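Here is what each chain is made of, one letter per residue.
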Amino acid sequence: MDVGLLIGLFASGIRLSMAIGFAALGETVSQRAGVINVGIEGIMLLGAFLAALGAVWTGSPWGGVALAILGGVALAAIHGLFAVVLRADQIVSGIALVVLGLGLSGFGYRLTIGAAPVEIPSFQSLPLGPLAKIPFIGPILFDQAALVYLAAGTAVILAFVLRRTALGLELRAIGENPSAADAAGIDVTSRRFLAVLFGGAMAGLGGAYLAIAQINAFVENMVLGRGFIAIACVVFGRWQPLRVLAAAVAFGLAEAAQIRFQTWYPKVPYQFFVMLPYVLAVVALIFSARGSAVPRALGKPFAPSRKSGGRAYGAAMRLRARLPL
Amino acid sequence: MISRPSVKASENRPAAEFAAGRPLLAVRGVTKVFGATVASDAVDLEVWPGEIVGILGENGAGKSTLMNMIAGLIAPDAGEIVLDGEGVVFASPRDAAAAGIGMVHQHFKLIGSLTVAENIALGDPRWGRGVLRFEPLRREVGALAAALGMAVDFDRRVDELAVGEQQRVEILKVLSRRPRLLILDEPTAVLTQDERPGLFRMMAELAARGTAVIIISHKLEDILETCKRVVVMRGGRVVDAAPVSGRSRADLVRMIVGENLPNVSRGAKADAPSAPLMTVEALTIGRPNGTRAVEGASFTLMFREILGLCGVDGNGQSELIHALSGMLRPLSGRVVYHLEGAPAGAWLDAAALRRLGLCHIPEDRHRHGILSGFPLTANYLLTHLGLRDFNRSGWLRQRTIRSRVTEAVAAFEVKAAGPQAIMSHLSGGNQQKLVLARELAAAPRIVIAAHPTRGLDIRTIAFVKQQLLRMREGGAGILLLSADLADIWEIADRVVVMTNGRLRGPVAVADTTLQEVGHWMTTQ
Amino acid sequence: MNAAVVRRDVFWGLVILLAVAVIPGLCILAAGKSPFAAYAALFGYTLVTGNGFAEVVVRAIPLTLMALGVVAAFRTGIFNIGGDGQLITGAIIAVTLSPWLGRLPAPMGLMAFLLVGFLGGGALGAFVGWLRARFDANEIIVTIMLNYVALQFLTWLIRGPLQEPMHIFPRSFAIASSLELPLLIGGTRVHAGLIVALAAALIMYLILRHTAFGFRMVTVGENRAAAPFAGINDRRTIVLAMLLSGGLAGLAGAVEIAGLHHKLQDDFAAGYGLAAIAVALMARLRPVGVPFTALLFGVFYIGVGALQRQAGIPFPIVWIIEGVVILAFLAYGALIRRNLAHS
């Protein structure tokens, strides 16, 4: 096989993996803290739309990124409210988020930039100087959009934080045994809420990447299951940031391969190639035995023994006490 | 229930040698209400440095709630906590720890998948607010462990340690903060007879150095051995307090319950020749992680007897019980059930065994045995799905179920609103009574009872024991698993001891002593 | 229950109702239209006009069947989000076999068609159930992935092997007329699938409340660890429950083809899966309530479609409404639980 073809395949694979990668890294943090968010698909979709909108309004892709992160945090805050504070069913709350993401993005799109075709400022690739000239791995690893480097850096930082810092230890603790963490004096509720918000920010970022670094357009419903594939990556990567990112890259490679297969083997109906990443996700889930890596308290609501959240929460509680309840 | 005002602190002072100076801890009028339940009702308590105080009371008396408030886990609704003369308000357990109060919980607050070092570092800002610093931790806490005679491996995951070792980690974690007041909640529940003296020595040593120690325990022997003073709680109030010297176990029971309990009499075992009900032959059972939980176990359960299965938690008893009751397939060996209609050779699952006349009172009813969000009828039906009266070719006969449950509820004195009451609305004791009603209703020939009295109040415990004896009189063979030797000694005819997956015995209770069996529980 | 608790429940119920009405209303304002006019038009078309209500009923039929499938799975503790894929699979297999089924005498052919749809969706459901029971594979992801796979299969089939004889349009050949569900009300599209849906609701109710199998399902859903204790085969129960769940979705697919479209085409039931989940949740996972909540969602979908045509309000607002409704029920449930704890 032609080396140029391989380089193109791998470079494309990395480029196609980062939308899933961002979302998966965020979900890793959220799940390590014990909260599962199946709604990141909806957050990604909203993020994609807001990124396109923001980029058009501000004229710069970074404006789009900022708006997408804000939107992701806002939607995730809803999930945090229901899943963490109200202790409702986390799966159902996530499903609501998927639906809301669909609705908000579609509705907003048709009211704003969907009316007429518009140019969306997007990210170009950013070669890292001399590194990009290294034969073979240079074009693959060091000639990507800025967000790709951001994703890789985030994965490394997350891995370090989880293993070697007090914050990471607390996060791991609240996902494994929140009552023990509570007894150690950790504010489980606010930490979990923050983890959920981080997950939402990253999912929004993933959606932004999709719209303004990968496809360079917004199309309704464009996430096409990547948010769920991201959750599969978390399981496949055993909740460790670097492995999760690697799993996302594997899916990116599968996507890059499947696109090329369509042109290489035109006799085979293209739909079978499109199916590949989804089938891969199912196979990955079957064979990654969950074993002991899953955070033991994942998905289970936790009622702290005492009030938490500091002054704002206290004020809200006093206000509530005055309402006719 | 006696309704007396809480004992005032002034009536509850230790002997003169301690009363010098001021108390280390003074709890005044502390109240805590959960919904409609008053968990703590204007409680007064004083603890002096250097003394060991025992807190006694039935389940639900409010002991743990009170201790949780002192240790900062729960905030009191009213009253004050005064530490060394200054009023304190704890916003979290971290504040309490910083103020010098440490608590070792009954259910360890350890994170299984983290290492010993990580568990000790959790929540303690001394070991780093940003990046964690394990070297200083290893040095300082290692020195502390050595001084206390504890061996500790900082890098092992906590869930790989034995239960006794885990408790040592929990204690080390608390002691590493150098508390002035140490609270121990049921510390001997998981220890063997041989490990208890070590714990008591540590408590005495701490007290000698001026640390105040509070111990909650329902094991009256432990209280009698270690404490100078006892405080008795009931219904959220302190109802009695007294020095320990000169008291007997019976005295303590009377203080807790308020009256003398009827003696549960075992009754003489008839000399009639006995027939086997269940023969276990070289049973080997594995754990999910590949290790062996039970190795070559063999014994026979006879007609009309109670066979006590003793052993410290975690030595394979749960797995043995699960295999015998049809929940778990063994790796090798077999069990022969001498019941009418039992097919030879085939492995029988729980439903098949129930049809043959075996019943199982589960160790952890919340995990396996009940459906808490469902009504009593569903819970009763759970183990009677094969009964033709209830299930006619797949169609449920709801009316029959309801009337049968109503009868059972009356017969076993279960306090519930009706057969459709939701299980989780019943108290723990009443839930267990329903489980008993359900299991014993069909007059089973074999009863497998795993920790049937765990977590229950003294009255319900006596009721359960009476029911088991009644079944024995009726000819049933009962395998009784319990970690409480005193309980087993009261009603069992023979005992068999389990250590590290291996069985020793059976031996008639009359032919051995509590101490000897306790000793067997710890040797290989 | 004392009066204070009832008052609290009603208070929060009203707050939630308000939120459900207000949030989409704000979106409509953002679109530059009057919310009151919009709601009036929505309910006016769907509830007052005969045509509108008929369309609501037509939409409610597959929603009812799929939501009953959701109830079966969720009550057993399995989050089956794969209704769309199971619906497509059932429809595909039924249409593929329709040439042979069409040769059977009239009522039998139709029954067989529906049965094949049920079995097709059921097989897919049972497969997912087996993956979950045996490998503990996360069924949420697996079912959603299979939705996409099934969708790709559909797009291929209607442009390939199953395409209509002239090979121009991306749709399948038409099914034999003997396999069509008769119309119930002349002048509308309301077809006999309505009877199938209502019968299914009744059967689900009986299964869950009065059969040993239903008891096993809800037991596994409430506390899977209780299954070995009681001697219930939890793996078999999960697979069978998923068979039932997928089967109902597959049946919905067959009913839609037999009663409405009479052929396979792109997007023939797009997005019904998520809507069915909302319908099931709103009915508190009780089969008896499902037809009613399905009607309500039918009102939303048809009404918003009318709004888009008449007032230019973008159709995606229906998903905003759906999301808010799901959250509203979640909030109500959580707050009632709190009230109960505090009473």
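Residues numbered from 1 in each chain as written. Chains lettered and ligands numbered in written order. Predicted model: local features only at pLDDT ≥ 70, side-chain atom pairs only at ≥ 80, totals over all residues.

Colleague: Sorry if this is basic, but what is going on with the overall build of chain B here?
Modeller: Secondary structure summary: chain B contains 17 helices and 21 strands in total. With the C-alpha coordinates aligned to their principal axes, the bounding extent of chain B is approximately 75 × 50 × 50 Å. A buried classification covers 46% of the 524 residues belonging to chain B. By sequence separation, contacts in chain B at least 24 residues apart represent 71% of the contacts at least 6 residues apart. (Helix = DSSP H or I, 4+ residues; strand = E, 2+ residues; numbered from the N terminus. Buried ≥ 20, exposed ≤ 12 C-beta atoms within 10 Å, placed from the backbone. Contact = placed C-beta atoms within 7 Å.)

Colleague: So what exactly am I meant to see when it comes to the environment of A:A83 here?
Modeller: Residues and elements named next belong to chain A. Tracing the sequence through the fold places A83 in helix 4 (residues 61-85). With 142 residues separating them along the chain, A83 and G225 place their C-alpha atoms 22 Å apart. Residues within four places of A83 in sequence aside, it is in contact with V35, A88, Q90, S93 and V196.

Colleague: I tried to follow the interface of chain C and chain A on my own but got confused; where do I start?
Modeller: Interfaces are often described in size by the accessible area the parts lose on coming together. The interface of chain C with chain A comprises 40 residues on the first partner and 39 residues on the second. A per-element tally of the side of chain C that touches chain A places helix 6 (residues 139-157) of chain C first, with twelve residues.

Colleague: Explain the domain arrangement of chain B to me, please; I cannot follow it from the model alone.
Modeller: Assigned domains of chain B: these are domain 1 (1-100 + 179-260), domain 2 (111-178) and domain 3 (276-520). The centre of domain 2 of chain B, based on its C-alpha atoms, is set 38 Å off from the matching centre of domain 3 of chain B. (Domains from an automatic or database assignment.)

Colleague: Got a minute to help me understand the nonpolar core in this structure?
Modeller: If you look at soluble globular proteins, the nonpolar side chains tend to sit buried side by side. With 385 residues, the main nonpolar core has A:A48, A:C233 and C:V279 as its most contacted residues. Per-element tally for this core: the top contributor is helix 10 (residues 188-214) of chain A, with 16 residues. (Core = buried A, V, L, I, M, F, W, Y, C linked by C-beta atoms within 7 Å.)

Colleague: Looking at this structure, I do not really get the pairing of strand 3 (residues 52-56) of chain B. What am I missing?
Modeller: Side chains on a regular strand alternate between the two faces of the sheet. Residues and elements named next belong to chain B. Most of strand 3 sits out of view: five of its five residues are buried. Residues of strand 3 alternate between two faces, with I52, G54 and L56 on one and V53 and I55 on the opposite face, all of them buried. Across four bridges, the pairing between strand 3 and strand 8 (residues 212-216) is parallel. What sits directly across from G54, in strand 8, is I215. The pairing of strand 3 with strand 9 (residues 229-234) spans four bridges and is parallel. (Pairing = 2+ DSSP bridges.)

Colleague: Explain the sheet that holds strand 20 (residues 494-499) of chain B to me, please; I cannot follow it from the model alone.
Modeller: In any sheet, the strands associate via hydrogen bonds between backbone groups, in a parallel or an antiparallel arrangement. All names here are of chain B. Ordered by their spatial adjacency, six strands build an open sheet running 15-18-19-13-20-21, and the pairing between neighbours is mixed. Each edge of the open sheet is held by one strand with a lone partner, namely strand 15 (358-361) and strand 21 (502-508). Each strand axis lies, on average, 15° off the axis of its neighbour in the sheet, ignoring direction. Relative to strand 19 (residues 477-481), strand 13 (residues 305-310) runs parallel, the two sharing five bridges. Residue L307 lies in a different strand from strand 19, and its bridge partner there is L479. Each of strand 13, strand 18 (446-450), strand 19 and strand 20 is contacted by helix 9 (residues 317-324), which is oriented at about 150° to strand 18, the strand it contacts most. (Axes fitted to C-alpha atoms, helices over the stretch in contact; angles between N-to-C directions.)

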